[in-house]
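The primary structure of each chain is shown beneath.
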Amino acid sequence: MGPVLVFIFGLIVGSFLNVCIHRIPRSESILFPPSHCPRCSRRITWKDNIPVISFLFLRGRCRFCGEGISFRYPLVELLTACFSLYLFSVSSSLVEYSIYFVFAASLIAISFIDLQHRIIPNQISIPGIFLGFLASFLLPRITWADSLMGILFGGGIIYLVIAVYYLFTRREGMGGGDLKLLAMIGAFLGWKGAVFSLVAGALAGSVLGLTLMLVRGWSRRAQIPFGPFLSLGAAGFLCGGERLVDWYLSILRQG
Ligand SMILES: [Zn+2]
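Residues numbered from 1 in each chain as written. Predicted model: local features only at pLDDT ≥ 70, side-chain atom pairs only at ≥ 80, totals over all residues.

## Considering the overall build of the protein
Of regular secondary structure, the protein possesses eight helices and zero strands. Sequence-ordered secondary structure for the protein, helices as α and strands as β, is α-α-α-α-α-α-α-α. In terms of C-alpha radius of gyration, the protein reaches 19 Å, essentially the compact-globule figure of 18 Å for 255 residues. Overall, the protein is about 65 × 50 × 30 Å in size when its C-alpha atoms are taken along their principal axes. A burial count over the protein gives 36% of its 255 residues as buried. Considering only intrachain contacts with a sequence separation of at least 6, the fraction spanning at least 24 residues in the protein is 68%. (Helix = DSSP H or I, 4+ residues; strand = E, 2+ residues; numbered from the N terminus. Rg over C-alpha atoms; globule rule 2.2 N^0.38 Å. Buried ≥ 20, exposed ≤ 12 C-beta atoms within 10 Å, placed from the backbone. Contact = placed C-beta atoms within 7 Å.)

## Some points on helix α5 (residues 122-135)
Under the 1.5 Å per step criterion, the end-to-end length of α5 is 19 Å for 14 residues, consistent within 8% with the ideal 20 Å. The sharpest bend along α5 measures roughly 25° and falls at G128. The complete set of buried residues in α5 reads S125, G128, I129, G132 and A135. Along its buried surface, α5 packs onto α4 (94-117), α6 (144-169) and α7 (176-216). (Expected span 1.5 Å × (residues − 1). Bend = angle between axes of the 7 residues up to and from the residue.)

## Some words on unusual backbone geometry
The omega angle of the peptide bond from F32 to P33 is -5°, so this bond is cis rather than trans. Look at S27: it is not a glycine, yet its phi comes out positive at around 55°. With respect to the helices, strands and loops of the structure, S27 is situated in the loop between α1 (2-23) and α2 (53-57). Of the residues examined, S27 has 8 C-beta atoms within 10 Å and is grouped as exposed. Backbone geometry at V52 places phi at a positive 60°, although glycine is not the residue there. Checked against the element boundaries, V52 lands in the loop between α1 and α2.

## A closer look at the nonpolar core
Of all hydrophobic cores here, the largest spans 53 residues; its most connected members are A104, I108, A109, L182 and I185. Taken together, the elements giving at least two residues each to this core come down to α1, α3 (72-90), α4, α5, α6, α7 and α8 (227-254). In terms of residue count, the dominant contributor to this core is α7 (15 residues). Ignoring anything within four residues of it in the chain, the contact list for A104 reads F83, L87 and A235. (Core = buried A, V, L, I, M, F, W, Y, C linked by C-beta atoms within 7 Å.)

## Digging into the environment of L152
Tracing the backbone shows L152 in helix α6. Sequence spacing of L152 and L181 is 29 residues, and the spatial spacing of their C-alpha atoms is 12 Å.

## Examining α8
For α8, spanning 28 residues, the distance from its first C-alpha to its last is only 35 Å, which falls clearly below the expected 40 Å at 1.5 Å a residue. Along α8, the sharpest kink reaches roughly 80°, centred on G240. Along α8, the positions that sit buried rather than exposed are G227, P228, F229, L230, S231, G233, A234, A235, F237 and L238. Check the buried side of α8 and you find it contacts α4 and α7.

## Some thoughts on the packing of α4 against α5
Taken N-terminus to C-terminus, the directions of α4 and α5 make an angle of 160°; their axes are 11 Å apart at the nearest point. In terms of their interaxial angle, α4 and α5 are classed as roughly antiparallel. Our pair here, α4 against α5, has a crossing hand that is left-handed. Contacts between α4 and α5 pair I99, S106, A109 and I110 from the former with I124, S125, G128 and A135 from the latter. In terms of residue class, the contact of α4 with α5 is made up of five nonpolar, three polar and no charged. (Axes fitted to C-alpha atoms, helices over the stretch in contact; angles between N-to-C directions. Parallel < 35°, antiparallel > 145°, perpendicular 65-115°, else oblique. Left-handed = near helix turned anticlockwise from the far one by under 90°. Nonpolar A, V, L, I, M, F, W, Y, C, P; charged D, E, K, R; others polar.)

## Side note on the packing of α7 against α8
Contact geometry for α7 and α8: axes closest at 7 Å, N-to-C directions at 95°. Considering the angle they form, α7 stands roughly perpendicular to α8. Split by residue class, the contact of α7 with α8 holds 14 nonpolar, nine polar and two charged.

Read these as geometric descriptors, not functional statements.
Dropping the structure here:
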């Protein structure tokens, strides 16, 4: 019964994340007013608000005006539910599961906001830095010193990348939002997690960037938001990447 409940819980949290993704960039309250269709403003009743199922049942359209509902809604719900289930299965305690699930949910919200609006909201990243640091006192996998180093390293290294990139190109490659995001990732995952997220994120971003250039033609001005890739790197670290880093470090020590 446990896994089913944890999955359903993830779907419900995902539904709430969809509200955050829609409202935070518009500076709207995430609690009031209740969910409504952005086109006809009709209130969405509970039976049209069931994660994934309502989307399928309504065939992705508003019941009243037929306005298309973004595929993002069921996607975010399913993604959040999968993370909930995975983290529950690997965590050693309910506290550990809760902390990493809050972290994963924040990354999902940040990624989709960055994809749509090209911003990483301070309302999520800055509290995330503090929360990650406080959580390090409760987590067996990380010490507070490691968390603090993750914050300083995560923020510092991105600051350096921004400064060097600007020096050469006079353009801003990454923004201050990326800096606060990697500091938040460092707070939750420690310095190794921050480095892993940056390297893995930059690799994944480069592969996609090059592919887009080849497919759509060369355009260096085309900007790809970096937040989703940093988040992807952090998720990779949570889902096995940490063991990869430890294995790599152990080889370096032997060599
Ligand atoms: Zn409508």
